[in-house]
Amino acid sequence: MNIINPLKYAYLVMEDWFNLAFGSQWNPLYNMGRLSFFFFWIVFISGLYLFIFFDTSLSGAYASVEYITHEQWYVAGIMRSLHRYASDAAIITILLHMFREFALGRYTGFRWFSWVTGVPTLWIVITLGITGYWLVWDELALYVATLSSQLIDALPLIPGSMSRNFVGQQLSDRFFSLMAFLHFLGQPLFLIFALWLHVKRLSLVKITAPKGLAIGSFLGLLVLSIISPAVSHAPADTGQVTAVLNIDWFYLNVYPLVGYLNASQTWSITLSVTVFLMLLPWLPMKKTGPAAEVHLDHCNGCEQCAEDCPYDAITVQARTDGARFEHEVKVNAALCAACGICVGSCPSSNPFRQKNESLVTGIDMPQMPIDEIRNHMNKAIAELQGDSKIIIMGCENALNFSRFETSNIKVLSLFCIGMMPATLIEYALANGADGVFITGCRTGDCYFRYGNIWMDERFNGHRQPILRRRAQRSRIKVSRAAATDGERLQQELAEFQEHIRKLNKDEIATQTGLVNE
Ligand code: HEM
C-alpha cells in the first residue's frame, strides 16, 4: 500500500461527513478553489473601499488606518476587518484545496501543470498579505519591514543593505510608496495572471462559489468583523523594534523563522519547500495513458466531444478529408488526460452499429477502444447466470468494484463514467442483461471533473447523445461511490438485484397470464 492511501481514505471519510452536513452541492470541501475566488472578491471590493481613505505616504498611513478603524468603524472599519479576515479565509481554502488534490492523488500525470502553477500562486497571495501588513505602518509593519529587508539583503542578486534603512530611520516615502504600488496594483495583476495560468488547461472552470456557501461564509466573516474588529498595533517607531506582536500566522509565518534562524537559512528552507512542492507531481511518476485518437471516417464533426472535454484538449477545425461535413475535431495530445469522456460523447460510439464487423467510432482511446468494450460486454453477458443477470459499469478511479463480480454479476470497468456511451446500457439490456448498475464518483466530485455530470445530463436528455426512451429505466440503477463506500454500494447492489428479480417474476407472471387468457 503506498503512503497516500490512508490519507485518501481519511479524506474521503471526512468528505462524506461534510456531505451529510452540507449536501454534495454545498460541500465546502468540493468547492475550495471556488471559495478562494469568492474570498478574493471580498478582499478586492473591501480593498477598493479602503483605498478611498488610505494615505499612501509613510507619515500619513498609520493615521489614515486609525481613522478607518475607529472614526469610520461602522463602514470602513468593517471593510478593514472583512479585508483581513477574507484574506485569512483565502489562505485556509487555498491550503485545503491544495491538500485535497494531494490527498486524493490529483496532482500527478496530466495534472502537473495545475499543481506546478498553484505553488507560485500561493506564494503571490502570501506576499500580497505581507505588503498589506507593511502598509499599516504600525509596530507589526515595522517588524515585517525590518525582517523583509534582512531577507532581501540575504539575496546575492541585490547589492547594498536595505535593513540599514530601518535601523537608521532613513526609510524613504518612495520605498513605502513602492510597497503601496505593489499591494494595490503589481501583486494583484500578478495574481490574476497566475490564476489564469493555473486553470488554463481546464475547460468550463467554475469560479463562482455556490450561493449557499457564499452567503454563509460572507455572513460568518461579517459577524467576525463586528465582534472582533481588526485593529493596528502602536505606530511604528524606527528607534526600537517591539518584541511582543500579534502575528498573523497565515501570512507572516516565515518571519519568526528569520528571527530564530537567520535570513539565509530561512531562504534555504523556503526554497527547499518550494522546489519539493514543485517536484511532487513527478515523485510518484504516474503516467497518463495514450491520448484520444480521431477516426475521421466515423466523425460527423458534431463537436460534442470538444464541448465535453474537461481539459480543453479537443479543438474544432475545418474539414480536411473532403467529407461533406463542415468541421472535424483534433486532439492536442499534450493536453489530453486520457479520461475517455470524448468516447461517451461521440454518437458513433453506438454498439448497435457495425454488428458483424469491428466497431470504429469518431474518437477513441487506443488503450481501450470501443470495439474492445463491446466485446467485453458481449463476453460478460454470455457468462451471466441466474435469475437476475446484472452488468455493473463504473469508473475505475472511484472504487475497485471488480470484487462485486459473481456468476450473476459481471463488471465493466471504464476510465471515467463519462466514457460510457448511453447506448451501451441499451445494448446490454437488449442482449441479455436483466439490469444495469452504474457507479461513478460521488456527486459533486469527479476524478475527471465532469464525467458524472455529463452522464446525468445524457440520462435526463439535456446532453447529446442521450439515453433513449427505449432503455427501460426500471432496469437501470445509477449509484455514486468513492473508495470508502464499498459497503454501501454492496448493499445498494443487493437491493437492485432483489428489485430485478421481482421485475423478472412480475414480467413472467404477466406473460403467463397473457398466455393463459
Ligand atoms: C491560489 C489560489 C488558488 C485558486 C483560487 C485555485 C483555484 C482552482 C480552480 C478554480 C481549479 C479548477 C477546479 C475545477 O474546476 O475542477 C483548480 C484546479 C487545480 N488546482 Fe488550484 N487554485 C489555487 C491554488 C492551488 C494550489 C496552491 C495548488 C497546489 C499546489 C493547486 C492545485 C490545483 C490542481 C492540481 C488542480 C487541478 C484539478 C483537476 O484537474 O481536477 N491550486 N484550482
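Higher on the page you've got the structure.
Residues numbered from 1 in each chain as written. Predicted model: local features only at pLDDT ≥ 70, side-chain atom pairs only at ≥ 80, totals over all residues. Heavy atoms only, no water.

Here the iron atom of the ligand is held by His97 (NE2) and His198 (NE2), and the distances to it run 1.9 to 2.0 Å. Bound by 6 donor atoms, the iron atom of the ligand shows angles of 86 to 179 degrees at the metal and therefore octahedral coordination geometry. Taken together, the residues His97 in helix α4 (residues 73-103) and His198 in helix α8 (residues 173-198) connect sequence positions 101 residues apart. (Donors = N, O, S within 2.8 Å, 3.2 Å for Na, K, Ca; no water. Tetrahedral: all angles 85-135°; square planar, octahedral: opposite > 155°, others 65-115°. Helix = DSSP H or I, 4+ residues; strand = E, 2+ residues; numbered from the N terminus.)

Take a nonpolar patch on the surface next. Together, Trp112, Val275, Phe276, Leu279, Trp282, Leu283 and Met285 give the surface a local cluster of nonpolar side chains, amounting to about 710 Å² of exposed area. Sort the elements by how many residues they give to the nonpolar patch and helix α11 (residues 263-279) lands first, with 3 residues. Note that Trp282 resides in the loop between α11 and β1 (293-294). By relative accessible area, which is 38% here, Trp282 ends up partly exposed. (Patch = residues over 30% accessible without salt bridge, like charges linked within 9 Å, V, L, I, M, F, W, Y side chains within 5 Å. Areas by Shrake-Rupley, 256 points an atom, 1.4 Å probe, with all protein chains shown as cover. Salt bridge = Lys/Arg side-chain N within 4 Å of Asp/Glu carboxyl O. Buried < 20%, exposed > 50% of the residue type's maximum accessible area, 1.4 Å probe, protein only.)

Here we take up the packing of helix α14 (residues 370-383) against helix α15 (residues 422-430). Running from N to C, α14 and α15 point in directions that differ by 25 degrees, and their axes come no closer than 10 Å. Relative to α15, the element α14 is oriented roughly parallel. In the packing of α14 onto α15, the handedness of the crossing is right-handed. Between α14 and α15, the contacting residues are Ile373, Arg374, Met377, Asn378 and Ile381 on the first element and Leu424, Tyr427 and Ala428 on the second. Residues that form the contact of α14 with α15 fall into these classes: 6 nonpolar, 1 polar and 1 charged. (Axes fitted to C-alpha atoms, helices over the stretch in contact; angles between N-to-C directions. Parallel < 35°, antiparallel > 145°, perpendicular 65-115°, else oblique. Left-handed = near helix turned anticlockwise from the far one by under 90°. Contact = heavy atoms within 4.5 Å. Nonpolar A, V, L, I, M, F, W, Y, C, P; charged D, E, K, R; others polar.)

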